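One letter stands for each residue in the lines below.
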Amino acid sequence: MTTVTGQRTFDSLDPATGAVVGTHPIHDAAAVRAAVAEAGVAAAWWAALDPAERRRRLLDYKAVITRDLSRIVDVVHAETGKPKADAVLEVVLTITHLDWAARNAHRVLGRRRISPGLVAANVAATLEYLPLGVVGVIGPWNYPVFTPMGSIAYALAAGNAVVFKPSELTPGVGVLLAALCAEAVPEHRILRTVTGLGETGAALAADAGVNKIAFTGSTATAKRVMAACAANLTPLVAECGGKDALIVDADADLPAAADAALWGALSNAGQTCVGVERIYVVDAVYDAFMKELTDRAGRVRAGRDYGPITMPSQIDVIRRHIDDAVDAGRAVVGGAGSVRAPFVDPVIVEDVPEDSSAVREETFGPTVTVKRVADVEEALEKTNATAYGLAGTVFSGNTRRAVELARRMRGGMTAINSIISFASIPALPFGGVGDSGFGRIHGADGLREFTRPKAVTRRRFAMPGMNLTSFTRGEKEVDRLVRLVTFLHGRRR
C-alpha cells in the first residue's frame, strides 16, 4: 500500500508471478458515500426512463462487452491467473445473462392486473416491482466478471444504479466493467466502481446509504457484512461458499461422470463456489469410476490446464485440508507435495472420515475427497450432512431416480448428468441455503431481488349492501358476508 499525492493506493498482482498488474486508489468512507450519492442521481434518471429505453441501453452495454471481450479476458487472466480460455467462458456467460436480464425485465417486473376475487369484486388491483434506488455490490475474485455481473446486470435491468466494490485482488476488472458501461450509457454513470481493501467494502455496507447489498464471498465475511447492514436495516442478498457433492449412481455413464467430476473439482484451480469438493460413488461401480477418475487426473497439470491459487492465504487452508485428508484417508492422486505455491497440483483422496476438515470445510482448491457408499440413499444422506447448501450433481442412468435425488439434495441448484449447467441458463435462479447464504440472483427471482413489490387497489363501484369498512354497516351486511363466504369456502373439496 502506498500514498500518492495524499491518496492511498494499492497494487493488484499477477498471482502466478507477483508482478504488479495495476495500481488503484483506496476509496475511504467519504469517497464511498460520495459515489453512492452520485449514483442516487443516476438512479432517479434511470428509473424514470421508459423500460424500452433501459433495455436498449443495456443491450448496447452487452454489445460493448462483446466487442471488448478480448480486452476483458486479458485483465481477468492477469489478475486471477486463470487460463484465457476459462476467462472467455466466464465473459461469454456474462453476456448471455446481461442479454436475458435486459430483454425480460419489463415482462417480469412490469405492472399487471391481479384478480381481486369475489369478496372484493368491486376493486381493481395491480402489482408491479419498482426499483430500490442504489444497489451496492461486493464482488469476489474467483469469477470477477460473471459472479458480480449476476447481481449488477439484474439490478440495472430492474431500474437501479449500482456501486460496485470488486475484490482487492481483481480491481482492474471492476474498473473496466464500469468504464464500458459508461461508454454504453453516457448520460449518467449508472454503474460506478469503488476500489480498496476490506475497509472500502465495509463502508459500502455500513453507512453509505445504499438501498440493498449484494455480497459474494465467504460465510465468515458474509456475517460481518450482514452485521454492518443490520445497523440501518439494509437488506442483503448473500451468496457464500459451498461444499458441493457429486453422486455417482450404479448405472451412471462412468467416463462422463469422471470427466465432469474432474472438471468440477479442478477447473479454476478448484476456486469455484459450486465446484465439486466431495464425490460419493455407489459400491458396485466404485473401482471402475476411480480408475476413470485417476487416469484422467494424471493428465491434468497445474500451470497448464488451470492457473495458480489467486488468494495467497488460501494456500494454508488447502495445505491443512490435504494433510488432514491424507493422514485420515488414502491419497490416490497427489498429496502433501502437490502444494508448490502459488500452484497446487491435483489431489484426490479416498476414505476420508466424514467429520474431517477436508470433508466439512470449504477447501477452495484443486482437491477432492471420494467415498464408497452402499447406495444412492447413503450418498444423499452424506451429501446433505453439511452446514452448506449451494449446489450439487447427480450422475445416473435412471432419469426418474436422478430427478428425485436432485430434488432432495439440500441446496439451490442441482445438475443431472452434467456439471454446473444451471449457471449457463439465465432464467434459472442462483443461490443457496444455510451457510451458503440466502436470496437469489439470476432469472426472474434475481430481477425481483432488486425491487420492491408495489400493490395498488382502486374501488371501481360501490358494492350494494356490502359496505363493510364503514361504521354505518349493519347486521344484514355482515350476515350477507358470512353467507357469501360460507357458499364459497364452506364445502370440503
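Throughout what follows, the structure given in this document is the object of discussion. Values in this document were obtained by computation on a predicted structure and should not be read as measured data. (Residues numbered from 1 in each chain as written. Predicted model: local features only at pLDDT ≥ 70, side-chain atom pairs only at ≥ 80, totals over all residues. Heavy atoms only, no water.)

**Observations concerning helix α9 (residues 254-266)**
Since one α-helical turn is 3.6 residues long, residues separated by three or four positions face the same way.
Okay, step 1: With 13 residues, α9 should cover 18 Å at 1.5 Å per step; its first-to-last C-alpha distance of 18 Å lies within 8% of that length.
Okay, step 2: Taken together, the buried positions of α9 are occupied by Leu254, Ala257, Ala258, Ala260, Ala261, Leu262, Gly264, Ala265 and Leu266.
Okay, step 3: Lining the buried residues of α9 we find β11 (245-248), β12 (278-282), α10 (286-297), β17 (367-373) and β18 (391-395).
Okay, step 4: Two or three places before Ala256, at the start of α9, stands the capping residue Asp253, its side-chain oxygen 3.2 Å from that residue's backbone nitrogen.
Okay, step 5: Asn268, located one to two residues past α9, shows a positive phi value of around 55 degrees. (Helix = DSSP H or I, 4+ residues; strand = E, 2+ residues; numbered from the N terminus. Expected span 1.5 Å × (residues − 1). Buried < 20%, exposed > 50% of the residue type's maximum accessible area, 1.4 Å probe, protein only. Contact = heavy atoms within 4.5 Å. Polar contact = N/O pair within 3.5 Å; in protein donor to acceptor, adjacent residues only side chain to side chain.)

**What to know about the packing of helix α2 (residues 51-67) against helix α5 (residues 146-157)**
Okay, step 1: Between α2 and α5, the shortest axis-to-axis distance is 10 Å and the interhelical angle comes to 150 degrees. Classified by the interaxial angle, the pair formed by α2 and α5 is roughly antiparallel. Of the residues in α5, those in contact with Arg54, Leu58, Tyr61 and Ile65 of α2 are Met149, Leu156 and Ala157.
Okay, step 2: When grouped by side-chain class, the residues that make up the contact of α2 with α5 number six nonpolar, no polar and one charged. (Axes fitted to C-alpha atoms, helices over the stretch in contact; angles between N-to-C directions. Parallel < 35°, antiparallel > 145°, perpendicular 65-115°, else oblique. Nonpolar A, V, L, I, M, F, W, Y, C, P; charged D, E, K, R; others polar.)

**A look at the sheet that holds strand β13 (residues 330-333)**
Okay, step 1: On the basis of which strands lie adjacent, the open sheet formed by seven strands has the order β13-β16-β17-β12-β11-β18-β19 and mixed pairing. At either margin of the open sheet sits one strand with a lone partner, and together these are β13 and β19 (413-416). Taken pair by pair, the neighbouring strands of this sheet meet at an average axis angle of 25 degrees, ignoring direction.
Okay, step 2: Sheet topology note: the strand β16 (residues 347-350)/β17 ladder contains four bridges and is parallel. Paired with Glu350 across the bridge in β17 is Val370.
Okay, step 3: Contacts from α10 reach β11, β12, β13, β16 and β17 within the one sheet, and its direction differs from that of β17 by about 165 degrees.
Okay, step 4: Contacting β11, β12 and β17, helix α13 (residues 376-384) crosses the sheet at an angle of about 165 degrees to β12. (Pairing = 2+ DSSP bridges.)

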